[in-house]
Amino acid sequence: MNLAQSFVDVMFAQGRWRLIPMGLGTTLLIALCAVLIGSILGCTFALFKISRSRILKTVANVYTTVIRGIPMATQLMIFYFVIFSPLGMSNAVVVAIISFGINSGAYCTEIFRAGIQGVDAGQMEAGRSLGLSWWQTLVKIILPQAFRTIVPTFTSEFIALIKETSVASFIAVMDLQKACDNIRNATFNAWIPLLSCATIYLILTVGLTKIFSQLEKRMARSDRH
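Rules used in this analysis
- Residues numbered from 1 in each chain as written.
- Predicted model: local features only at pLDDT ≥ 70, side-chain atom pairs only at ≥ 80, totals over all residues.
- Heavy atoms only, no water.
- Helix = DSSP H or I, 4+ residues; strand = E, 2+ residues; numbered from the N terminus.
- Buried < 20%, exposed > 50% of the residue type's maximum accessible area, 1.4 Å probe, protein only.
- Contact = heavy atoms within 4.5 Å.
- Patch = residues over 30% accessible without salt bridge, like charges linked within 9 Å, V, L, I, M, F, W, Y side chains within 5 Å.
- Areas by Shrake-Rupley, 256 points an atom, 1.4 Å probe, with all protein chains shown as cover.
- Salt bridge = Lys/Arg side-chain N within 4 Å of Asp/Glu carboxyl O.

A short note on the overall build of the chain
At step 1: A count of helices and strands for the chain gives nine helices and zero strands.
At step 2: If you list the helices and strands of the chain from N to C, you get α-α-α-α-α-α-α-α-α.
At step 3: With the C-alpha coordinates of the chain rotated into their principal frame, the extents come out at 75 × 50 × 20 Å.
At step 4: Considering the chain as a whole, with its 225 residues, one finds that 41% of them fall into the buried category.
At step 5: Intrachain contacts of the chain at a sequence separation of at least 6 include 74% that bridge at least 24 residues.

Some points on the environment of Gly127
At step 1: Tracing the backbone shows Gly127 in helix H6 (residues 121-129).
At step 2: Apart from residues no more than four positions distant in its own chain, Gly127 is found in contact with Leu132, Thr137 and Ile141.

Some points on a nonpolar patch on the surface
At step 1: A cluster of nonpolar side chains, Met77, Ile78, Phe81, Val82, Ile83, Leu87 and Phe170, forms an exposed patch at the surface whose accessible area comes to about 670 Å².
At step 2: Along the chain, Phe170 falls in the loop between helix H7 (134-164) and helix H8 (176-187).
At step 3: Looking at Phe170, the relative accessible area reads 46%, which means it is partly exposed.

A look at the pattern of salt bridges
At step 1: This structure, assessed with the given rule, holds three salt bridges.
At step 2: Notably, a salt bridge pairs Glu110 with Arg113, separated by 2.9 Å at the nearest N-O pair. Of this pair, Glu110 and Arg113 both sit in helix H5 (residues 92-118), separated by three residues, roughly a single helical turn.
At step 3: The exposure class of Arg113 is partly exposed, given its relative accessible area of 23%.
At step 4: Between Arg184 and Asp181 there is a salt bridge whose closest N-O contact spans 3.5 Å. Of this pair, Arg184 and Asp181 are both found in helix H8, three residues apart, which corresponds to roughly one turn of the helix.
At step 5: A relative accessible area of 28% places Arg184 in the partly exposed class.

These results come straight from atomic positions and should not be treated as a statement about function.
And the structure:
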């Protein structure tokens, strides 16, 4: 049996290929929602870290230390089996979105903090001398400059997050990885489903990398003008 026939028998017999777009859709949904939650949390805790409040700094430090110090798979199962299941939440996709969002937030916190602190301190002083409040200076002067510097790191975090969602299958989420696992279990053929899964992830990451690279180039050109 040739390679093409094997691929057709494994992926297309009994409509098994339909699992792939369904799983891919779930993967992208989790990643997009999680990066949105992570951005909000990251911005919030980054401001905590640069604040003058020792309490807020401590809260932010504990959050980033704990979340970044525990493997994502372990966090996911803790959120699902220890926290949300006893509360009656059985929607695995929602739990995955929350879990990945909280995890992404810890990394986004450091990305945003580094970006904000990377802006010259004189910018804050200049804003205050113009009569702007600390908050107005932060929003109108500091954050726009910080955003330009964090784009490459932030986009890398998003791409990494897409790959990390493959562990969502640990709580029975029908994502891309789980879809390919189901095909593998149904056909007793490991290499075709797994290599197909790897190829799709590779296409996603390479494609997004090129798109974000173009975005960075356009932003760099606009800065020069």
